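# Coordinates in review
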Amino acid sequence: MGLNFSLLIVAALILAVFLGVEALGLSFLFGVIIPYLALATFIIGFILKVVKWAKAPVPFRITTTSGQQKSLPWIKDNKIDNPATTSWTMVRMALEVLFFRSLFKNTKAEMVDGKKLTYQWEKWLWLAGLVFHWSFLIVVVRHLRLFLEPVPAFVTLIGKVDGFFMVDLQNFYITGVLLLAAVTFLFIRRVLIPQVRYISLAADYFPLFVLMGIATTGILMKYFYRVDVVSIKELTVGLFSFNPVIPEGVSVLFYIHLFLVCTLISYLPFSKLMHMGGIFLSPTRNMPNNSRAERHINPWNYPVKVHTYAEYEDEFRDKMRAAGLPLDRDGAEDEAAATKE
Amino acid sequence: MMYNSRNIIIGLIIFVGIFTFPFVLGAGKANEAPKLSLDTPKINELIKKEPIETVEFMRNNHMQLLSDWKVAVVRDGNRVYVSQKDGQEYDMSLQNTCLDCHSNKEQFCDACHTYAEVEPNCWDCHVAPEVIR
Ligand code: HEM
């Protein structure tokens, strides 16, 4: 259901750009207005979401970690998995963000012979996820060659390394293809594994289809239905210098690519893709586990009127003694001290 | 009220910085596509100042055309290209055909390539016109 719905929406979006640009000549809308609106939605939406999250107090350390906590000096603690200081927490966070360390520990549960439950290390999700995210990053950084004039040296360098292999005398960018392959794998995994399919919603399929659309149109533009890259760069540089222009002869394929990118970024703050910011705010990752060393006070604590056992005993000592109940302090010393004075 | 507002604000500033720095670098700059010079002896001699295929085709597909030429010459030994546009025949050669007309490589090929940040490595082996001079 969610699958067909998402596919339909993405197809409708593509059709809308196609008709809008080809039939109605709305290239200024799709080339300038929508990109600006999408970027504004992305940045403002992202900030508001993070601010909303930051309003929720998270006073206590979540101790479900997979490493030994720091305690007595002769017990070896696991500094990365169970960090006690801010700097080790940053190491844990960096490894999580850059290498998806906790996903690496992913396991798969399976019934063998119908009665034996076994767990297996499942690394393909981790691998495909890592390939996808890194490829995405590199593709976006490489795209800066189309956004900036002059092009910074690090963009050229990344482009050279990525385009190391040449096909037909032209640069062939590995990450572009890896990106599409990884997204496709993640999609197929979702559809083929029944348990994963069961929990998949339109909100899971839609971003995958949008990403597939972006990567496919990009690859088509680069290797199959070539576009006028110089005019496209004029358009993007115009956007980034606030002097928007719509050059002649920009293919509709580019407008589809651009519109899908706009869809992706404007949808991001309202979607699961917001894990981009959320990862930094996950309580299981961003707090040092120092509950034994420091006292963390709950911010919504209010003063509670208490009656401690000591006070209770003071109040009822005589009656308790008379009933023969055991006393923590029988009060005899107090009386002795009082008579001495 | 925000908790840990110092860290949250630092994080958000980094976020906004990363996603808006092309604007910071680009804002207000003049946006000029490279000006291509067609002022070469060979092109000036032409009666009809036209490329091999349509201008639009050349702009978008010259890399593929060159690749096809190379394959035709090196693999099939075929050196004659017949234009799809007007049936005119050309010798399939990077140095002797393309750069015969576009002998101002720097104001033509390179002007575009610097702008689009592509560096074809052809000139490691093929001879560029200024070397002949
Ligand atoms: C405003 C944003 C974007 C613009 C203006 C843009 C524009 C372009 C253009 C003009 C090309 C063709 C490049 C060439 O022929 O050399 C291209 C290729 C491509 N784009 Fe984008 N793009 C944008 C964002 C993205 C994003 C966010 C992704 C990642 C999902 C992406 C993925 C690709 C891929 C995979 C290619 C194929 C070639 C390669 O690997 O570089 N694009 N894009």
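Throughout, residues of each chain are indexed from 1 in the direction in which the sequence is written. Following the order in which they are written, the chains are lettered starting with A and the ligands numbered starting with 1. Restriction of local features to residues with pLDDT of at least 70 applies here, the model being predicted, together with a cutoff of 80 or more for giving and counting side-chain atom pairs; totals for whole chains, interfaces and linings are based on all residues. Remark: hydrogens and water are excluded; side-chain values derive from all non-hydrogen atoms of the structure.

## Some details on a nonpolar patch on the surface
Residues and elements named next belong to chain A. For the record, the criterion: Surface patches are defined over residues having more than 30% relative accessible area and no salt bridge, joining like charges when they lie within 9 Å and nonpolar side chains (Val, Leu, Ile, Met, Phe, Trp, Tyr) when within 5 Å. Only the protein chains shown count as cover for residues, with accessible areas throughout obtained via the Shrake-Rupley method and a probe of 1.4 Å. Throughout this description, the term salt bridge denotes a Lys or Arg side-chain nitrogen within 4 Å of a carboxyl oxygen of Asp or Glu. Helix and strand definitions here come from DSSP, where helices need a minimum of 4 consecutive H or I residues and strands a minimum of 2 consecutive E residues; each element is numbered from the N-terminal end. Summary of the burial criterion: residues with accessible area below 20% of their type's maximum are buried, those above 50% are exposed, and those between are partly exposed, where the area comes from a 1.4 Å probe applied to protein chains only.
Taken together, Leu24, Leu26, Phe28, Leu29, Ile33 and Leu37 make up a surface patch of nonpolar side chains, about 540 Å² in accessible area. Within the secondary structure layout, Leu37 lies in helix α2 (residues 27-54). For Leu37, a relative accessible area of 55% corresponds to the exposed category.

## Here's the deal with the nonpolar core
Just so we agree on the cut-off: Within this scheme, the nonpolar core is defined by two criteria: the residues are buried Ala, Val, Leu, Ile, Met, Phe, Trp, Tyr or Cys, and they are joined through side-chain atoms within 4.5 Å. Note on definitions: a residue-residue contact is assigned when non-hydrogen atoms from the two residues lie within 4.5 Å.
Phe42(A) and Phe46(A) are the most contacted members of the largest nonpolar core, which totals 58 residues. Elements with a contribution of two residues or more to this core: α1 (2-23), α2, α5 (124-147), α7 (174-192), α9 (202-224), α10 (229-240) and α11 (252-267) of chain A together with α1 (5-26) of chain B. Of all the elements, α11(A) adds the most residues to this core, at eleven residues. Apart from the residues within four sequence positions on either side, Phe42(A) is in contact with Ile265(A), Leu268(A), Pro269(A), Met276(A), Phe15(B) and Phe19(B). Formed by 14 residues, the second largest nonpolar core is a distinct cluster that contains Trp69(B), Tyr81(B), Cys98(B) and Phe108(B).

## Thoughts on empty space enclosed by the protein
In this approach, a probe sized like a water molecule rolls over the atoms, and the result shows the empty space that is left. Residues and elements named next belong to chain A. The criterion, for reference: Cavity means a closed set of points on a 1 Å grid over the protein atoms alone, one where a 1.4 Å probe fits but cannot get out, pocket means an open set with protein on both sides within 12 Å along at least 5 of 7 lines, and lining means a residue has an atom within 4 Å of a point. Grid points are joined across faces, edges and corners, and a volume is the space filled by probe spheres set on the points. Only Asp, Glu, Lys and Arg are considered charged, only Ala, Val, Leu, Ile, Met, Phe, Trp, Tyr, Cys and Pro nonpolar, and every remaining residue, Gly among them, polar.
Tallied over the entire structure, the rule returns one cavity of 30 Å³ or more. Looking at the largest cavity, the residues that line it are Arg61, Ile62, Thr65, Arg92, Pro283, Thr284, Met287 and Asn289. When grouped by side-chain class, the residues that make up the lining of the largest cavity number three nonpolar, three polar and two charged.

## Quick look at the pairing of strand β1 (residues 107-112) of chain A
Residue and element names in this part refer to chain A. Threshold: Only when DSSP finds a minimum of two bridges between them are two strands counted as paired.
Here β1 runs beside strand β2 (residues 116-121); their pairing, made up of six bridges, is antiparallel. Across the sheet, Glu110 pairs through a bridge with Thr118, a residue of β2. Hairpin connection of β1 to β2: three residues between the antiparallel strands, including Asp113 at a positive phi of 55°.

## Comments concerning the site of the ligand
Residues and elements named next belong to chain A. This is how the line gets drawn: For each residue, the test is whether any non-hydrogen atom lies within 4 Å of the molecule or strand; if one does, the residue is near. The definition of a polar contact used here is a pair of N or O atoms within 3.5 Å, where within protein one atom must be able to donate a hydrogen and the other to accept one, and adjacent residues in sequence count solely through side-chain atom pairs.
Close contacts around the ligand come from 23 residues, with Arg142, His143, Arg145, Gly218 and His257 the closest. Taking His143, its side chain carries an N or O atom lying 2.7 Å from a nitrogen atom of the ligand. His257 places a polar side-chain atom, nitrogen or oxygen, 2.7 Å from a nitrogen atom of the ligand. Put simply, the parts of the chain that give the shell around the ligand at least two residues each are α5, α7, α9, α10 and α11. At eight residues, the largest contribution of residues to the shell around the ligand is made by α5.

## Quick notes on the environment of Arg329(A)
Within the secondary structure, Arg329(A) is located in the loop between α14 (309-322) and α15 (332-340). Residue Arg329(A) is classed as partly exposed on the basis of its relative accessible area, which comes to 43%.

## Notes on the coordination of the iron atom of the ligand
Metal coordination angles in their ideal form are 109.5 degrees for the four-donor tetrahedron and 90 or 180 degrees for the six-donor octahedron. All names here are of chain A. Just so we agree on the cut-off: Counted as coordinating are nitrogen, oxygen and sulfur atoms within 2.8 Å of the metal, or 3.2 Å for Na, K and Ca, while water is not included, which may make sites look incomplete. Here a site with four donors is tetrahedral if all angles are between 85 and 135 degrees, and a site with four or six donors is square planar or octahedral if opposite donors are over 155 degrees apart and the other angles are between 65 and 115; anything else gets the irregular label.
For the iron atom of the ligand, the full set of protein donor atoms is His143 (NE2) and His257 (NE2), and the range of their distances to it is 2.0 Å. Taken together, the six donor atoms coordinating the iron atom of the ligand span angles of 83 to 177° at the metal, a pattern that classifies the geometry as octahedral. You can see His143 sitting in helix α5 and its partner His257 sitting in helix α11, a full 114 residues away along the chain. Judged by its relative accessible area of 10%, His257 falls in the buried class.

## Looking at the packing of aromatic side chains
Heads up, the condition is: Here a Phe, Tyr or Trp ring, Trp counted by its six-membered ring, pairs with any other such ring whose centre lies within 6.5 Å, and the pair is stacked when the planes are under 30 degrees apart, edge-to-face when over 60, and tilted otherwise. Placement of a positive charge over a ring is assigned whenever Lys NZ or Arg CZ falls within 6 Å of the ring centre and within 35 degrees of the normal to the ring plane.
Under the defined criterion, the tally for this structure stands at 23 aromatic pairs over all chains. Members of the aromatic cluster, each reached through a chain of ring pairs, are Tyr36(A), Phe147(A), Phe240(A), Phe242(A) and Phe23(B). Taking NZ or CZ as reference, Arg142(A) lies 3.8 Å from the ring centre of Tyr173(A), over its face. When the ring centre of Tyr115(B) is taken as origin, the NZ or CZ atom of Lys233(A), which lies over that ring, is 4.8 Å away.

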